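Descriptive analysis of the structure
Spelled out, the chains give:
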Amino acid sequence: MADYIVAQSDAGGESIDLPKLQALLYPSQACNLAITGQPMFDEPILASPDGPYIESVAVRWAVTQRPAVNSMPERA
């Protein structure tokens, strides 16, 4: 889902930062659960002082070492 959000941001000519990406994943998961009864992704959403947090997204973000993600790195 993170890849999709980043791709849509790219298509719109905008970059997205990690906090915004993390924040968009939270309601995406909630809406999917409400509509289908199934999670969109299995990883838990954690709480942090800065808002919702998904560890694997933060790890992939750290690999880019950029202030804004224009595209997520390929998965290994």
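Residues numbered from 1 in each chain as written. Predicted model: local features only at pLDDT ≥ 70, side-chain atom pairs only at ≥ 80, totals over all residues. Heavy atoms only, no water.

**Some details on the overall build of the chain**
From N to C terminus, the chain includes 3 helices and 2 strands. For the chain, the sequential pattern of α-helices and β-strands runs α-α-β-β-α. The 76 residues of the chain split such that 29% are buried. A sequence separation of at least 24 residues applies to 46% of the contacts in the chain between residues at least 6 apart. When the accessible surface of the chain is summed, it comes to about 5100 Å², and 57% of that surface belongs to carbon and sulfur atoms. (Helix = DSSP H or I, 4+ residues; strand = E, 2+ residues; numbered from the N terminus. Buried < 20%, exposed > 50% of the residue type's maximum accessible area, 1.4 Å probe, protein only. Contact = heavy atoms within 4.5 Å. Areas by Shrake-Rupley, 256 points an atom, 1.4 Å probe, with all protein chains shown as cover.)

**With respect to helix H1 (residues 2-11)**
Buried within H1 we find Ala-2, Ile-5, Val-6 and Ser-9. Down the axis, H1 shows its buried residues gathered within 95° of arc, on one side only. Facing away from the buried side of H1, by more than 90 degrees, are the exposed residues Tyr-4 and Ala-11. Looking one or two residues past H1, Gly-13 carries a phi angle of roughly 75°, positive in sign. (Arc of directions from axis to C-beta.)

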